[in-house]
Every structure is written in structure tokens, then in C-alpha cells.
Amino acid sequence: MDFSHIEERLSAYKPDPEFRDDAVGLQCCQLAFSALKNGDYGVGAILLDPDGAPLIFSQNAVFSDGFCSSGHAEMKLLDLYEASYRSKYEPDELKLVVSLEPCPMCLSRLILSGIGIIKYMVDDAVGGMVNRIDHMPPAWRNLASLQSFYRAHISSDLKLLAKDIAQARMPELRAKLMNERVGQHEFEVVFDSH
Ligand SMILES: [Zn+2]
């Protein structure tokens, strides 16, 4: 696939100081684009320390390093944080910025992690869970009430760029997952009939 049109917009974009999350948002887009080029979902995430400086950079890697169902940017970031940084920084003093609305798996993990502030750049109407957080079980909603979930404060141009990077392979990769399941299912049906 040719992503040169996205790459041109990405390299031409200058963070707009009017929007407080624009600079970190651009970095998330750069990570997301790197994932996209690797054949993964175009999603990137950054964990910021209490002073707002980047602590951990992460990008989606579901397909590129052998199939990894938990290879979402937020999951990998939290693995690294809990393994290497949790003794230094309490989770509630940290902020995570991610280029796409977290999915059900990642929202669950974010709630358990206790990261204080989660900001996402683009809504995911068909896969996102933050906008459906009221559908989490009561105990999870209780935990989530200690955290803050926001849409990132970014320019409309950067938001569109994050959306286009997230969407670029989404139909292809979601179809790939579906087709693999359908293929396995057909095999099982044939097997059961004997
Ligand atoms: Zn996810």
C-alpha cells in the first residue's frame, strides 16, 4: 500500500501552540505511522511523567512480530511501565496520550493500571470503548471513577491525520482477523461431520 500522501502530511505538520496536546499528539501520530508502515494498526501512544515529559513511547505491533493479540500500543506501554517505572512514578500522577480511542481490552487494562489521565485523539465509533464506559461492570466503573478520560486538545488537522493513519489499514486488518476465524470455523465444521 502507498502511504506517501499520509507521510507528506505528517512531515509537513507543525504543532499548533493553541492546542495543549498538539506536540505530544504529533509524536503519537509519528509512532502510529511507523506501526502502519510495519503492517500493523496505525496507533501510537505516549506515557508522560508528572512534569509532562515523555516517559514511554509505544506503537501497535499485533501483526509485525508474529501475531500478538495483546500487541496494542496501550498494552505494550503499560507492560513496560509496570515492569520498569512503577516504583518511580505512581500511576495516578501520569498521563497517557493515544492516537485512537482505546478498545475494550485496553480500556480494561487502563482502568486496572490506575493511570490518572487518559487522552485520546480520535473517536473509534466501531471499536472504541471509552464512549461506552457506562457499559463496564459496576466494579470496573467504580475504579474508572478515580481516573479522567478526555479527548485530546489538538487541532482539527492533526485529528484528521490521526484518524487517517488509524483507518489506513483498519478495514484490511479487521477483515484479515475475520477471514482467519471463518477459515478455522469451516475446518471445524468439516471435521465434526466425520
Ligand atoms: Zn486496544
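Rules used in this analysis
Residues numbered from 1 in each chain as written. Predicted model: local features only at pLDDT ≥ 70, side-chain atom pairs only at ≥ 80, totals over all residues. Heavy atoms only, no water. Donors = N, O, S within 2.8 Å, 3.2 Å for Na, K, Ca; no water. Helix = DSSP H or I, 4+ residues; strand = E, 2+ residues; numbered from the N terminus. Buried < 20%, exposed > 50% of the residue type's maximum accessible area, 1.4 Å probe, protein only. UniProt positions renumbered as here; feature names shortened; annotations may be inferred. Patch = residues over 30% accessible without salt bridge, like charges linked within 9 Å, V, L, I, M, F, W, Y side chains within 5 Å. Areas by Shrake-Rupley, 256 points an atom, 1.4 Å probe, with all protein chains shown as cover. Salt bridge = Lys/Arg side-chain N within 4 Å of Asp/Glu carboxyl O. Pairing = 2+ DSSP bridges. Core = buried A, V, L, I, M, F, W, Y, C linked by side-chain atoms within 4.5 Å. Contact = heavy atoms within 4.5 Å. Axes fitted to C-alpha atoms, helices over the stretch in contact; angles between N-to-C directions. 1 Å grid on protein atoms, 1.4 Å probe; cavity = no way out; pocket = protein on both sides within 12 Å on 5 of 7 lines; lining within 4 Å. Points joined across faces, edges and corners; volume = space filled by probe spheres on them. Right-handed = clockwise from strand over helix to strand, strands pointing away.

For the rest of this paragraph, the subject is the coordination of the zinc ion. Protein coordination of the zinc ion is provided by H72 (ND1), C103 (SG) and C106 (SG), with donor distances spanning 2.0 to 2.3 Å. Between consecutive donors of the zinc ion, the numbers of intervening residues give the motif H-x30-C-x2-C. Remark: C106 occurs in helix 4 (residues 104-113) and H72 occurs in the loop between strand 2 (54-59) and helix 3 (73-84); sequence separation between them is 34 residues. Residue H72 is classed as buried on the basis of its relative accessible area, which comes to 19%.

If you check UniProt for "domain: CMP/dCMP-type deaminase" (unreviewed entry), the listed places come out as residues 19-131 in our numbering. A helix fraction of 34% and a strand fraction of 17% characterise residues 19-131, whose end C-alpha atoms lie 22 Å from each other.

Taken together, the side chains of L112, L143 and L146 make up a nonpolar region of the molecular surface, amounting to roughly 330 Å² of accessible area. By secondary structure assignment, the location of L112 is in helix 4. Since its relative accessible area comes to 56%, L112 is described here as exposed.

In terms of residue burial, strand 1 (residues 44-48) counts as a mostly covered element, since 5 of its 5 residues are buried. Pairing between strand 1 and strand 2: 5 bridges, direction antiparallel. Bridging across to strand 2, L48 finds its partner in P54.

L47 and M121 are the most contacted members of the largest nonpolar core, which totals 55 residues. The biggest single contributor to this core is helix 2 (residues 22-37), with 8 residues. The residues touching M121, leaving out its near neighbours within four places in the chain, are G25, C28, C29, V98, S99, A152, I154, L158, K159 and A162.

Strand order in this open sheet of 5 strands is 2-1-3-4-5, and the pairing throughout is mixed. Every interior strand has two partners, whereas the edge strands, strand 2 and strand 5 (148-151), have only one. The mean angle between the axes of side-by-side strands here comes to 15°, regardless of whether they run parallel or antiparallel. Sitting on the sheet, helix 2 touches strand 1, strand 2 and strand 3 (95-98), and the angle it makes with strand 1 is about 140°.

The gaps left among the atoms become clear once a water-sized probe is rolled over them. Considering only enclosed or pocket space, the largest pocket measures out at about 420 Å³ in volume. Residue lining of the largest pocket: 20 residues in total, with Y41, H72, C103, R174 and L177 positioned closest to the centre. Listed by contribution, the elements that provide at least two residues to the lining of the largest pocket are helix 3 and helix 7 (170-192). In terms of residue count, the dominant contributor to the lining of the largest pocket is helix 7 (4 residues).

Another aspect to go through is the pairing of strand 4 (residues 117-120). Summarising the sheet, strand 3 and strand 4 pair through 4 bridges and their orientation is parallel. Directly across from K95, in strand 4, lies its bridge partner I117. Handedness of the strand 3-helix 4-strand 4 crossover: right-handed. With 4 bridges joining them, strand 4 and strand 5 adopt parallel strand pairing. Paired with K119 across the strands is Y150, a residue of strand 5.

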